[in-house]
Amino acid sequence: MKLLVTAGPTREYLDPVRFLSNRSTGKMGFAVAQAAAERGHTVTLVAGPVALPTPSGVIRVDVTSALEMLAAVQRLLPFHTALVMCAAVADWRFKQASPVKLKKSEMRPVIELEPNPDILTTIRPLKEQRTFVGFAAETGDPLVEAQRKLVSKGLDLIVANDVTQPDAGFAVDTNRVTFLSANEPPTALPLQSKLDVGREIVAWLERHLRT
Ligand code: CTP
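These numbers come from a predicted model, not from an experiment.

Summing up its helical and strand segments, the chain has five helices and 14 strands in all. The C-alpha radius of gyration computed for the chain amounts to 17 Å, which stays within 12% of the reference 17 Å derived for 211 residues, consistent with globular compactness. Dimensions of the chain, computed from the C-alpha atoms along their principal axes, are close to 60 × 35 × 30 Å. Within the span of the chain, comprising 211 residues, buried residues form 48% of the whole. Of all intrachain contacts in the chain linking residues separated by at least 6 positions in sequence, the fraction that spans at least 24 positions is 60%. Working note: accessible area of the chain is about 10,700 Å², and carbon and sulfur atoms make up 54% of it.

This next bit is on the environment of Thr 122. For Thr 122, the location among the structural elements is in helix 3 (residues 119–123). Residues Thr 122 and Gln 74, 48 residues apart in the sequence, show an inter-C-alpha distance of 9.0 Å. Sequence-distant contacts of Thr 122, defined by excluding residues within four places in its chain, comprise Leu 70, Gln 74 and Pro 117. A polar contact of 2.5 Å, which involves the side chain of Thr 122, links it to the backbone oxygen of Asp 118.

Next up on the list: the pairing of strand 2 (residues 12–15). Where strand 2 lies against strand 3 (residues 18–20), three bridges are found, and the strand directions are antiparallel. Within strand 3, the residue paired with Tyr 13 across the bridge is Phe 19. Counting the residues that bridge the hairpin from strand 2 to strand 3 gives two residues.

Core analysis: the biggest nonpolar cluster contains 31 residues, and Val 84 and Ile 201 have the highest contact counts within it. Put simply, the parts of the chain that give this core at least two residues each are strand 1 (2–7), helix 1 (27–38), strand 4 (42–47), strand 6 (82–85), strand 9 (131–138), strand 10 (157–162), strand 12 (177–181) and helix 5 (194–210). Counting residues per element, this core draws most heavily on helix 1, which supplies eight residues. Judged by nonpolar contacts, the second largest core, of 26 residues, contains Leu 4, Val 46, Leu 77 and Leu 120.

Here the focus is the sheet that holds strand 12. Sheet architecture is open: eight strands sit in the order 5-4-1-6-9-10-12-13, paired in mixed fashion. Two strands bound the open sheet, and with one partner strand each, they are strand 5 (59–62) and strand 13 (187–188). Examined bridge by bridge, strand 12 and strand 13 share two bridges and lie antiparallel to one another. When the bridges of strand 13 are listed, Phe 179 appears paired with Thr 187. The sheet contacts of helix 1 involve strand 1, strand 4, strand 5, strand 6 and strand 9, and relative to strand 1 the element is tilted by about 160 degrees. Helix 2 (residues 66–76) contacts strand 1, strand 4 and strand 5 of the sheet and is inclined by roughly 180 degrees relative to strand 1.

Despite not being glycine, Glu 128 shows a phi value in the positive range, around 50 degrees. As for its placement among the helices and strands, Glu 128 is situated in the loop between helix 3 and strand 9.

We now examine the site of the ligand. Around the ligand, 15 residues are found, and the nearest of them are Met 85, Ala 87, Ile 119, Lys 149 and Lys 153. One of the side-chain N or O atoms of Arg 148 is found 3.4 Å from an oxygen atom in the ligand. With the chains in place, 78% of the 580 Å² that the ligand exposes on its own is no longer accessible. Contributions of two or more residues to the shell around the ligand are made by helix 3, strand 9 and helix 4 (142–152). Of the residues belonging to the shell around the ligand, the class tally is nine nonpolar, one polar and five charged.

Conventions we followed
Residues numbered from 1 in each chain as written. Predicted model: local features only at pLDDT ≥ 70, side-chain atom pairs only at ≥ 80, totals over all residues. Heavy atoms only, no water. Helix = DSSP H or I, 4+ residues; strand = E, 2+ residues; numbered from the N terminus. Rg over C-alpha atoms; globule rule 2.2 N^0.38 Å. Buried < 20%, exposed > 50% of the residue type's maximum accessible area, 1.4 Å probe, protein only. Contact = heavy atoms within 4.5 Å. Areas by Shrake-Rupley, 256 points an atom, 1.4 Å probe, with all protein chains shown as cover. Polar contact = N/O pair within 3.5 Å; in protein donor to acceptor, adjacent residues only side chain to side chain. Pairing = 2+ DSSP bridges. Core = buried A, V, L, I, M, F, W, Y, C linked by side-chain atoms within 4.5 Å. Axes fitted to C-alpha atoms, helices over the stretch in contact; angles between N-to-C directions. Near = heavy atom within 4 Å. Nonpolar A, V, L, I, M, F, W, Y, C, P; charged D, E, K, R; others polar.

Rendered as structure tokens:
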């Protein structure tokens, strides 16, 4: 398969020194990209600002903001047969960003935000025969929210994880996830390395693309 993976956070700048972002480190998305490349698939990785080396054999495209990530995914998707949206896209950006550093004296305590587009929802019309996988990182009941996102974002598979656990989610090397798809019962995977979770996702895609 030709796999497009997104990874890491996005960063929404207020000015050249201040930004809005989240705790994502990109480890899960880089693990998916590495696992797919190890299986001989063609992999393009769209990465937000992260401090990780590019996995061997993977083509990497660096982006900063959600709008840049959306543009990269729109440009690259036509050359791919599957998409794994691992990135923790910032849901908001600043309504007015400044090209120069804002002086404390010029700043007000309330700063207006505007919503970023949902990348998966925006590219849904381009899906056609492609397989789309999403992630749901939740602090509440991961399965209820993941089920909602599976349907609302038109996904083939969603990988749900509870990011409140110390050994799963952000910035650690392990993850405990549940796979939810339209036609199969939910599958809870044991705690394992993110690379092994990546291998499970690639194996699911290989099975899905055969059927
Ligand atoms: N996602 C996206 N574009 C966004 C936000 C999220 O494509 N602007 C994708 C993520 O990459 C992930 C999936 O949507 O694959 C679910 O992301 P998540 O942050 O869990 O959900 P949200 O849509 O942001 O919903 P909520 O804030 O209600 O949890």
